[in-house]
Amino acid sequence: MANETHVILKDGRAAVIRPAVPDDASSITDYVDRIGAEKRFVLRERATWTLDQERATLAAADGRQAVFLVAEISGHLSGMIHIARGQWTKDAHLAELGMSCLPDCRRVGLGTALLSRGIEWARTVGVTKLTLEVFLSNEGAIALYRRAGFIEEARLKGQYVIDGQPVDSLLMAQWL
Ligand SMILES: CC(C)(COP(=O)(O)OP(=O)(O)OC[C@H]1O[C@@H](n2cnc3c(N)ncnc32)[C@H](O)[C@@H]1OP(=O)(O)O)[C@@H](O)C(=O)NCCC(=O)NCCS
C-alpha cells in the first residue's frame, strides 16, 4: 500500500491520505473532540486519552492488526478512518471500521476516498468481511456505505439515546 494518496476533491481542494503517525497525536485529539461535540453521528463524545498515550498507540501500530488513516487538506487534519481486525483465529478475517470528516469537508468525496483506501488496506491484509455500526438517524453515512457496497445485516432497536430519544442502529457489512 502506497504511503500517501493524493486526491482532488469535488470542490477542487487537494487532500492527502496517509497513515497516522505519533506527531499527529495532538491534532487527532482535537479532531476527535470536534466530531464528538456534534453529538449526532458517532458514539464517542470526546477524546479519553492523554497525548502521550495517543503517541504511544500510534507508535505501536504495525499496520497489520489495524490501520489508522488521516486525511489532510492544506496541512489540516480533515478526516480519518480507523479499521481494526479481530485478533483471534475465529475473527481474524473480520474488521470493523469507524470514520468521519470535518463538517466543511463533507460531500466533496473525502469520505469515499478514505473508505476506498481503508478497503484496500483490508484486502491487502486478508480481511474478508468488513463491518460497521451506524445510527439509523445518520442518513448521510448510510448512503455513503451503501454506495460503497455495504449491506444491512441487522437492526438493533433503541440501541442508543440521542437528545433523549431512542435511536436504532444498523450493523452493516461488506464481503471483500
Ligand atoms: C459520513 C461521512 C464520513 C461521509 O463523508 P463525505 O466525505 O461527506 O462523503 P462523500 O462526499 O464521499 O459522499 C459520497 C456519497 O455518500 C452519500 N452521502 C454522503 N453524505 C450524505 C448526506 N449527508 N446525505 C445524503 N447522502 C450523502 C452521497 O451518495 C454521496 O455522493 P454525492 O455527494 O455524489 O451524492 C461524513 O458525512 C461525516 O463525517 N459525518 C459525520 C461523522 C459520521 O457520521 N461518521 C460515520 C459514523 S458511522
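Residues numbered from 1 in each chain as written. Predicted model: local features only at pLDDT ≥ 70, side-chain atom pairs only at ≥ 80, totals over all residues.

A. Examining the nonpolar core more closely. In this structure, Leu-69, Ala-71, Ile-81 and Leu-114 are the most contacted members of the largest nonpolar core, which totals 31 residues. Listing elements by their share of this core, those giving two or more residues are strand S2 (14-19), helix H1 (25-37), strand S3 (66-73), strand S4 (76-85), strand S5 (94-101) and helix H3 (110-124). Element by element, the count of residues in this core is highest for H3, at 7 residues. Those residues in contact with Leu-114 that lie beyond four places of it in its chain are Ile-17, Leu-69, Ala-71, Gly-79, Ile-81 and Met-99. Listed in part, the 6 residues of the second largest apolar core include Val-134, Leu-144, Tyr-145 and Phe-150. (Core = buried A, V, L, I, M, F, W, Y, C linked by C-beta atoms within 7 Å. Buried ≥ 20, exposed ≤ 12 C-beta atoms within 10 Å, placed from the backbone. Helix = DSSP H or I, 4+ residues; strand = E, 2+ residues; numbered from the N terminus. Contact = placed C-beta atoms within 7 Å.)

B. Spatial organisation of the sheet that holds strand S7 (residues 151-162). An order of S1-S2-S3-S4-S5-S6-S8-S7 is seen for the 8 strands of this open sheet, with the pairing classed as mixed. Strand pairing shows two members of the sheet lacking a second neighbour, strand S1 (5-8) and S7, which therefore form its edges. Sheet twist, expressed as the mean angle between neighbouring strand axes with direction ignored, is 25 degrees. Bridge count for S1 against S2 is 4 bridges, and the pairing is antiparallel. (Pairing = 2+ DSSP bridges. Axes fitted to C-alpha atoms, helices over the stretch in contact; angles between N-to-C directions.)

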